[in-house]
Amino acid sequence: MAAQQMTRTLVAMALHKKDDSQAPHIFHPLIPLPSLSLSLSLSLSLSLWLNKTMPNLVSAMSPKGYKSLTSIKCCEDTVGVARVKYENGSATFPEKNLVLDRGTLRIPQPPPRPRRIILVRHGQSEGNVDEGVYTRVADPKIGLTQRGVEEAEECGRRIREMIERDEADDWRVYFYVSPYRRTLETLRNVAKAFGRSRIAGVREEPRLREQDFGNFQDREKMKIEKKLRAIYGRFFYRFPNGESAADVYDRITGFRETLRADIDIGRFQPPGEHTPNMNLVLVSHGLTLRVFLMRWYKWTVEQFEGLVNMGNGKMIVMERGFGGRYSLLVHHTEQELRKFGLTDEMLTDQEWQKRAKPGELNFPSFFTHLDDEDNNA
């Protein structure tokens, strides 16, 4: 009976509501109405109106310990970010606050982007010397030759020399590696050039594995398949029971997003440290690394078709340019990149990457008729 009487009272008050433009806009605890037959929206409207017009009454009628609207928070709205201190009791979501008061919100500075992303192809493998090994040894289990071990060691020394030319004291390296035996062996030998204090960490990443050419391979059949690939197209041709380069592109896309997330949150940075002299090293395979570059720089299929593998134990370096983006022209010469297969258009883009800032877009010369319009403008 008491609940029903309260309902009638609240409804009557709502129907005869006076001008409340001068009422204080402060939220207070909702009045619990467990036995009411009103809809949720009406209950909320009445409660909010009472909050504005009769805050003292609402406070007195509310049970002790009842949480206010200002205590309601979404569990994942600002992961890793200090919550906003709302003023005037206004309840909202942080992601909808377009203007934030720096005095009431502490936003952590994002970690600096790594200085370099270094792509390393594995050293000479047993399969590079004798393709017949694929007929009796699973591709993931093929190891390095002695020459491959030496190439990996030399690669590690060259990476260290390159980094030390920066003359920075706090530099470190973090490795991502394909789970194949030849890449793991390459990494272990590359890492001989670095002491414990210089290695920030290592992650085995299956998406960096070699293109799948099928299971145990028939040597004669593979010769036929590779001839067919040359006719069909190196990017789209899929080997029986294996992958095409397009398939590799799909999984590299997923890895790229993981890598970008790791960079954004500084996953490889030690707690409390934000060094700009971090170097990421990806130890992988020839085609996989070409596809990685294709995906990162948005090269076309035609441009990918013109690329060639880097040598065993060699590296391609993506280094931060003046604006913060990664460019191949910071470390490499134009001649080196042409040898790798970059065209004039790709080199022009790399020159732009060298000076542009993250987030800027480079409009490609895809629509040729626009050039004619510019000339006639």
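Just so it is clear, the model here is predicted, and its values are computed rather than measured.

About the thresholds
Residues numbered from 1 in each chain as written. Predicted model: local features only at pLDDT ≥ 70, side-chain atom pairs only at ≥ 80, totals over all residues. Heavy atoms only, no water. Helix = DSSP H or I, 4+ residues; strand = E, 2+ residues; numbered from the N terminus. Buried < 20%, exposed > 50% of the residue type's maximum accessible area, 1.4 Å probe, protein only. Contact = heavy atoms within 4.5 Å. Areas by Shrake-Rupley, 256 points an atom, 1.4 Å probe, with all protein chains shown as cover. Expected span 1.5 Å × (residues − 1). Arc of directions from axis to C-beta. Pairing = 2+ DSSP bridges. 1 Å grid on protein atoms, 1.4 Å probe; cavity = no way out; pocket = protein on both sides within 12 Å on 5 of 7 lines; lining within 4 Å. Points joined across faces, edges and corners; volume = space filled by probe spheres on them. Polar contact = N/O pair within 3.5 Å; in protein donor to acceptor, adjacent residues only side chain to side chain. pLDDT = per-residue confidence, 0-100. Salt bridge = Lys/Arg side-chain N within 4 Å of Asp/Glu carboxyl O. Core = buried A, V, L, I, M, F, W, Y, C linked by side-chain atoms within 4.5 Å. Phe/Tyr/Trp six-rings, centres within 6.5 Å; stacked < 30°, edge-to-face > 60°. Axes fitted to C-alpha atoms, helices over the stretch in contact; angles between N-to-C directions. Parallel < 35°, antiparallel > 145°, perpendicular 65-115°, else oblique. Left-handed = near helix turned anticlockwise from the far one by under 90°. Nonpolar A, V, L, I, M, F, W, Y, C, P; charged D, E, K, R; others polar.

**A closer look at the overall build of the chain**
Per the secondary structure count, the chain includes 13 helices and 6 strands. For the chain, the proportion of its 377 residues judged to be buried stands at 42%. Contacts in the chain between residues at least 24 apart in sequence constitute 71% of all its contacts with a sequence separation of at least 6. When the accessible area of the chain is evaluated, it comes to approximately 22,000 Å², of which 53% is carbon and sulfur surface.

**Things to note about helix α5 (residues 146-164)**
In this model α5 runs 28 Å from its N-terminal to its C-terminal C-alpha over 19 residues, within 8% of the 27 Å that 1.5 Å per residue would give. When α5 is considered as a whole, its buried residues turn out to be G148, V149, E151, A152, C155, G156, I159, M162 and I163. The buried residues of α5 occupy an angular sector of 160° when projected down its axis, which confines them to one face.

**Regarding helix α8 (residues 245-265)**
For α8, spanning 21 residues, the distance from its first C-alpha to its last is 30 Å, which sits close to the expected 30 Å at 1.5 Å a residue. All of the buried residues along α8 are A245, A246, D247, V248, R251, I252, F255, R256, L259, D262 and I263.

**Considerations on the sheet that holds strand β3 (residues 199-204)**
Strand order in the open sheet formed by 6 strands is β3-β2-β4-β1-β5-β6, with mixed pairing between adjacent strands. Of all strands in the sheet, those bounded by a partner on one side alone are β3 and β6 (326-327).

**Comments concerning the layout of surface pockets**
The computed volume of the second largest pocket comes to approximately 480 Å³. Only α4 (126-129), α7 (219-232) and α9 (286-297) provide two or more residues apiece to the lining of the second largest pocket.

**Section: the side chain of D247**
Along the chain, D247 turns up in helix α8. Within the structure, D247 has its side chain in polar contact with the side chain of R238 (distance 2.8 Å).

**Concerning the side chain of S178**
Within the element layout of this structure, S178 appears in the loop between β2 (172-177) and α6 (181-190). Accessibility expressed as a relative area gives 0% for S178, which makes it buried. Apart from the residues within four sequence positions on either side, S178 is in contact with T183, L184, E205, L208, R209, V283, S284 and H285.

**Thoughts on the confidence of the model for the chain**
Mean pLDDT over the chain: 80, with 68% of residues reaching 70 or higher. Contacts from residues 17-38, a stretch scored under 50 in pLDDT, to residues over four places away or in other chains number 42 contacts. This stretch, residues 63-99, has a pLDDT under 50; its non-local contacts, to residues over four places away or in other chains, come to 42 contacts.

**Let's talk about the pattern of salt bridges**
Throughout the structure, instances matching the rule amount to 23 salt bridges. Note that D262 is salt-bridged to R203, the shortest N-O span being 3.1 Å. Taken as a pair, D262 in helix α8 and R203 in strand β3 lie far apart in primary sequence, 59 residues in all. Residue class for R203 comes out partly exposed when judged on its relative accessible area of 23%. Residue R256 is joined to E257 by a salt bridge in which the shortest nitrogen-to-oxygen separation is 2.8 Å. Look at R256 and you get buried, because its relative accessible area is 8%. E257 gets classed as partly exposed once you look at its relative accessible area, which sits at 39%. Through salt bridges that share partners, R115, R116, D166 and E319 make up one connected network.

**Focus on the environment of L184**
Along the polypeptide, L184 turns up in helix α6. Between the C-alpha atoms of L184 and E204, which are 20 residues apart in sequence, the distance is 8.7 Å. Residues contacting L184, with those up to four places away along its chain left out, are V177, S178, P179 and E204.

**Comments concerning the nonpolar core**
Core analysis: the biggest nonpolar cluster contains 39 residues, and I117 and M318 have the highest contact counts within it. When residues of this core are assigned to their parent elements, the largest contribution, 8 residues, is made by α9. The residues contacting I117, other than those within four sequence positions of it, are L259, I263, L280, L282, W296, I316, V317, M318 and Y326. In terms of nonpolar packing, the next biggest core, distinct from the first, is built from 20 residues, V120, A193, V281 and V317 among them.

**Brief notes about the pairing of strand β4 (residues 278-284)**
Most of β4 is tucked away, with 7 of its 7 residues classed as buried. Side chains M278, L280, L282 and S284 of β4 all project onto a buried face; the interleaved residues N279, V281 and V283 project onto the opposite face, where all are buried too. By the bridge criterion, 6 bridges tie β2 to β4 in an arrangement that is parallel. Bridge assignment links V177 to a residue of β4, and that residue is V283.

**Overview of the packing of aromatic side chains**
For the structure shown, the criterion picks out 15 aromatic pairs. Measuring from ring centre to ring centre gives 5.9 Å for Y232 and Y237, while their planes differ by 65°; the resulting arrangement is edge-to-face. What makes Y237 buried here is its relative accessible area of 11%. Between F235 and F236, the aromatic rings sit 5.0 Å apart at their centres with planes inclined by 85°, giving edge-to-face as the arrangement. Put simply, the rings of Y174, Y176, F255, F268, F292, W296 and Y326 pair up and form one aromatic cluster.

**Section: the packing of α5 against α6**
Running from amino to carboxyl end, α5 crosses α6 at an angle of 45°, the nearest separation of the two axes being 7 Å. The angle between α5 and α6 places the two elements in the oblique class. Note on packing geometry: the crossing formed by α5 with α6 is right-handed. In this structure, α5 contributes V149, A152, E153, C155, G156 and I159 to the contact, and α6 contributes T186, N189 and V190. When the residues that make up the contact of α5 with α6 are grouped by side-chain class, the tally is 5 nonpolar, 3 polar and 1 charged.

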